[in-house]
Amino acid sequence: MKFISTQEAPQAIGPYSQAVVVNGFVYTSGQIGLLPNGELIADDVESQTHQVMKNLFYVLEAANAHFNDVIKTTIFLEDMRDFDKINAIYAHYFGTHKPVRSTVAVRSLPKNVKIEIDCIALADANIDFG
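Residue indices begin from 1 for each chain and proceed along its sequence in written order. Only residues with pLDDT of at least 70 are given local features in this predicted model, and only at 80 or more are side-chain atom pairs given and counted; all residues enter the totals for whole chains, interfaces and linings. Only heavy atoms go into the side-chain values, all of them from the structure, while hydrogens and water stay out.

Caption draft 1: How the structure looks around the overall build of the protein chain. Secondary structure elements follow DSSP: runs of H or I no shorter than four residues count as helices, runs of E no shorter than two count as strands, and numbering proceeds from the N terminus. Secondary structure assignment for the protein chain yields two helices and six strands. Traced from its N-terminal end to its C-terminal end, the protein chain shows the element sequence β-β-β-α-β-α-β-β. Dimensions of the protein chain, computed from the C-alpha atoms along their principal axes, are close to 45 × 30 × 20 Å. With 130 residues in all, the protein chain has 38% of them scored as buried. Note on contacts: a residue pair is in contact if any heavy atoms of the two residues lie within 4.5 Å. In the protein chain, 68% of the contacts between residues at least 6 apart in sequence involve partners at least 24 apart. Areas reported here follow the Shrake-Rupley algorithm with a probe of radius 1.4 Å; residue values treat only the protein chains shown as occluding. Taken as a whole, the protein chain presents about 7100 Å² of accessible surface, with 52% of it coming from carbon and sulfur. For the purpose of charge, His is not counted, nor are the chain termini; Lys and Arg are scored as positive and Asp and Glu as negative. Taken as the charge centre is NZ of Lys, CZ of Arg, CG of Asp or CD of Glu, depending on the residue. In the protein chain, 10 positive and 15 negative side-chain charges are present, and the distance between their average locations comes to 6 Å. Burial here depends on accessible area, computed with a 1.4 Å probe over protein chains only, as a share of the maximum for the residue type. Under 20% is buried, over 50% is exposed, and the range in between is partly exposed.

Set out below in structure tokens:
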């Protein structure tokens, strides 16, 4: 098991890692709309979603993975009425790659944010052994 940490994304706000690589897979912790310095980007779901996706990008990159390697995501939303807004932003980052996904409405999230996303990806999928 390899624990992943990057300064390009906010540090964990509890006793957990940003991600773990095990048996060829990257498992990320849920990312919220915090900047790398730990401050909340803004109070709106659009800004938070963009920051969540940036955080996931950097955590995956630290594990030698990318959005095209993502197999599954889970989205936790404070308000399901934001579903269409976050879908548009999510699609922008994943492009034509469409991992499986679950989206769940929750009562509240850490730091009272509006969205949290975690993912599972293939580790080292782009390595050329040639």
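Now that the structure is up, let's keep going.
Caption draft 2: Summary view of the packing of aromatic side chains. In this scheme Phe, Tyr and Trp rings, the latter by its six-membered ring, pair at centre separations within 6.5 Å, and the angle between planes marks the pair as stacked below 30 degrees, edge-to-face above 60, and tilted otherwise. Under the criterion given, the structure shown has six aromatic pairs. With a centroid separation of 5.2 Å and an interplanar angle of 85°, the aromatic rings of F57 and Y58 are classed as edge-to-face. Relative to F94, the ring of F67 lies with its centre 4.9 Å away and its plane at 50°, an arrangement referred to as tilted. Taken as a pair, F67 in the loop between α1 (45-62) and β4 (70-77) and F94 in helix α2 (residues 83-94) lie far apart in primary sequence, 27 residues in all. The exposure class assigned to F94 is buried, which follows from its relative accessible area of 5%. Within the aromatic cluster, the residues linked to one another by ring pairs are F57, Y58, F67, Y90, Y93 and F94. Lying over the aromatic face of Y90, R101 brings its terminal NZ or CZ to 4.7 Å of the ring centre. Look at NZ for Lys and CZ for Arg. If either is within 6 Å of the ring centre and within 35 degrees of the ring normal, a charge sits over the ring.

Caption draft 3: The pairing of strand β2 (residues 19-22), seen in detail. Note on pairing: DSSP must find at least two bridges between two strands before they are called paired. Direction of pairing for strand β1 (residues 2-4) relative to β2: antiparallel, over a ladder of three bridges. Note on β2: the bridge partner recorded for F3 is V20. Sheet topology note: the β2/strand β3 (residues 25-28) ladder contains four bridges and is antiparallel. Paired with V21 across the bridge in β3 is V26. The turn linking β2 back onto β3 is made up of two residues, and N23 within it adopts a positive phi angle of 50°.

Caption draft 4: Spotlight on unusual backbone geometry. Here the phi dihedral of N23 falls at roughly 50°; this positive angle occurs in a residue that is not glycine. Within the secondary structure, N23 is located in the loop between β2 and β3.

The values are spatial; any link to function lies outside them.
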